Amino acid sequence: MNQSDLILKINGFLVDEFEVDPASISPEANLKETLDLDSLDYIDLVVVVENNLGFKVKPEDFVGISTFQDFYNYVMSRVPSKTLV
Amino acid sequence: MNRVVITGLGIYSCIGKDLSEVTQSLYQGKSGIILDPNRKEFGYRSGLTGFVEKPNLKGLLDRRARITLPEQGEYAYLATVEALKKAGLDQDYLDHHEVGILYGNDSSAKPVIDAIDIIREKKDTTLVGSGSVFQTMNSTVTINLATIFKLRGVNFTISAACASGSHAIGLGYHFIKSGLQECIICGGAQETNIYSMGNFDSLSAFSLRESEPARASRPFDRDRDGLIPSGGAATVILESLESARRRGATILAEVIGYGFSSNGGHISNPTVDGPARSLQMAMRDASLQAGEVDYINAHATSTPAGDASEARAIDEVFGQVKPFVSSTKSMTGHECWMAGASEIVYSVLMMQHGFLAPNLNFENPDEDSAKLNIVKKTLEKDINVILSNSFGFGGTNSTLIVRKMN
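Fair warning: this is a prediction, and the values are worked out from it, not measured in the lab.

Quick look at the overall build of chain A now. When helices and strands are tallied, chain A shows four helices and zero strands. When the elements of chain A are put in sequence order from the N terminus, they spell out α-α-α-α. Considered along the principal axes of its C-alpha atoms, chain A spans approximately 35 × 25 × 20 Å. Look at the contacts in chain A between residues 6 or more apart in sequence, and 59% of them connect residues 24 or more apart.

Structure, rendered in structure tokens:
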């Protein structure tokens, strides 16, 4: 999987889970505002990441994640490099 | 003391998904019972169940509201939307008045099992997601609906086994009668998933007449062999007469009596004395003589012992006057936590439309039911006063009396 495929995959499960318009997602967009996340929704974000990418997000990991690009960067840092081309 | 009236009804059940469909089913004597092969495969002794279609609330409720709502909450939401509409209560009214909710519910099996399965497999509680806890609680219906409709009044669940829905209406009646509240969403909800009734089935309480699903629920019939579990939700909007008149609401009926009792005996075996005391208390509360009750919607679930005890209790109180009696569970099966509320909805619909629904499959009486005036076929009849019984495990009994508003 290359980085573009990974971003497509991330956007896909975020759209499905949080029922947002795919067009509202861009690298610069604010993650919390775009997905309309409240404190409970962050738990579901942990669940969809675990179910789709196979690793556990810790609550403190969200500190510093503001935009979708921040989130993509975080995910890429957690995905084993051998799975990325 | 305030007079308490019904200004809204809503229903989602195995004999119809709204008031219109349910009225037709009641009139036609239509059964909602099926044989579910999945139950047999799962290990049920009886695969009979009421079939309730799963609602699709996407587009009606946002994601946050939907993921905290279990199956019986979905049923209750739809029944309540219909009841509020019928009552002419919109969100603006709910936002500016102290409207409460008292709903009967006594289990939420599937969300509990689904969550525990995930925790056992993953060894991580986070992975059950944020909706799970709100689905698993016994108060799931009231906490969810109070949030969805932004209710500002009384807000709690009544868990009283198969009398839950009836007690919810009884308590709502008292909250309004005493002036504590002006308007309350009352009702009962019952899940129908495969996990919800396995332990009840283990008691050998369910009918084994699997070759004839529509003929399996036969309350009061000599050859009855057990109940059929069922579910859905029913909502009854209770309101003070003063509030209803102030709003110009259509008044569907008046709640005039509530009786209750506890058997003080076995956890599952019925008695005659307990239900009889509940009936008598409701009659005293309504200041009625036996001859003034036109119709009794019996609890009768189609179990040999339960129906016999109720028949004796009805005969003890009404033997001299013999009002019409039927059990709508002959069509719906036993809607358990919901039944006390749904049977008020069914009874008021019959009252409104001037008929009595048949007690399906009543072919031969036994020595107890022979003493009752059981409705065998749909009967065109004006009824002014109905009495509805609901009894549950642990000997909890509830009786409601409703009168037509002239």
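Attention shifts here to the sheet that holds strand β6 (residues 183–190) of chain B. All names here are of chain B. The 11 strands are arranged β5-β4-β6-β7-β1-β8-β15-β14-β9-β10-β12 in an open sheet whose pairing can be described as mixed. What marks the edges here is a single partner per strand, and that holds for β5 (155–158) and β12 (373–374). Here strand β4 (residues 99–104) runs beside β5; their pairing, made up of four bridges, is parallel. Note that in β5 the partner of Ile-101 across the bridge is Asn-155.

All names here are of chain B. Residues Val-236 and Leu-238 are the most contacted members of the largest nonpolar core, which totals 106 residues. Considering every element that reaches this core, the biggest residue donor is helix α16 (residues 339–353), with nine residues. When residues are assigned to domains, this core turns out to be shared by domain 1 (4–247) and domain 2 (259–399), each giving three or more. Ignoring any residue separated from it by four or fewer positions in sequence, one finds Leu-238 in contact with Val-4, Ile-6, Ile-169, Gly-172, Tyr-173, Ile-176, Ile-184, Cys-186 and Val-255. The next biggest cluster of nonpolar side chains, apart from the first, holds seven residues, and it includes Leu-48, Ala-216, Leu-227 and Ile-228.

Let us look at the environment of Asp-382 of chain B. Residues and elements named next belong to chain B. With respect to the secondary-structure elements, Asp-382 resides in the loop between β13 (379–380) and β14 (385–392). With 9 C-beta atoms counted inside 10 Å, the residue Asp-382 sits in the exposed group. Each C-alpha atom of the pair Asp-382 and Ile-6 lies 18 Å from the other, and the pair is 376 residues apart in sequence.

Let's shift gears to the packing of helix α9 (residues 164–177) of chain B against α16 of chain B. Residues and elements named next belong to chain B. For the pair α9 and α16, interaxial distance at closest approach is 4 Å and the crossing angle is 70°. When the axes of α9 and α16 are compared, the pair comes out roughly perpendicular. Residues Ser-164, Gly-165, Ser-166, His-167, Ala-168 and Ile-169 of α9 lie in contact with α16, whose contacting residues are Ala-339, Gly-340, Ala-341, Ser-342 and Ile-344. Partitioning the contact of α9 with α16 into residue classes produces five nonpolar, six polar and no charged.

Residue-level contacts link five residues of chain B with nine residues of chain A. In the side of chain B that touches chain A, the residues fall into one nonpolar, three polar and one charged.

Take the domain arrangement of chain B next. Residues and elements named next belong to chain B. Under the domain assignment used here, chain B contains domain 1 (4–247) and domain 2 (259–399). Here domain 1 and domain 2 have C-alpha centroids that lie 21 Å from each other. The partner domain 2 presents 57 residues to the 60 residues of domain 1 that form the contact. At the level of elements, β1 (4–13), α1 (19–28), β3 (48–50), α9, β6 and β7 (232–240) are the ones that each hand at least two residues to the side of domain 1 that touches domain 2. Partitioning the side of domain 1 that touches domain 2 into residue classes produces 28 nonpolar, 24 polar and eight charged.

Rules used throughout
Residues numbered from 1 in each chain as written. Chains lettered and ligands numbered in written order. Predicted model: local features only at pLDDT ≥ 70, side-chain atom pairs only at ≥ 80, totals over all residues. Helix = DSSP H or I, 4+ residues; strand = E, 2+ residues; numbered from the N terminus. Contact = placed C-beta atoms within 7 Å. Pairing = 2+ DSSP bridges. Core = buried A, V, L, I, M, F, W, Y, C linked by C-beta atoms within 7 Å. Buried ≥ 20, exposed ≤ 12 C-beta atoms within 10 Å, placed from the backbone. Domains from an automatic or database assignment. Axes fitted to C-alpha atoms, helices over the stretch in contact; angles between N-to-C directions. Parallel < 35°, antiparallel > 145°, perpendicular 65-115°, else oblique. Nonpolar A, V, L, I, M, F, W, Y, C, P; charged D, E, K, R; others polar.

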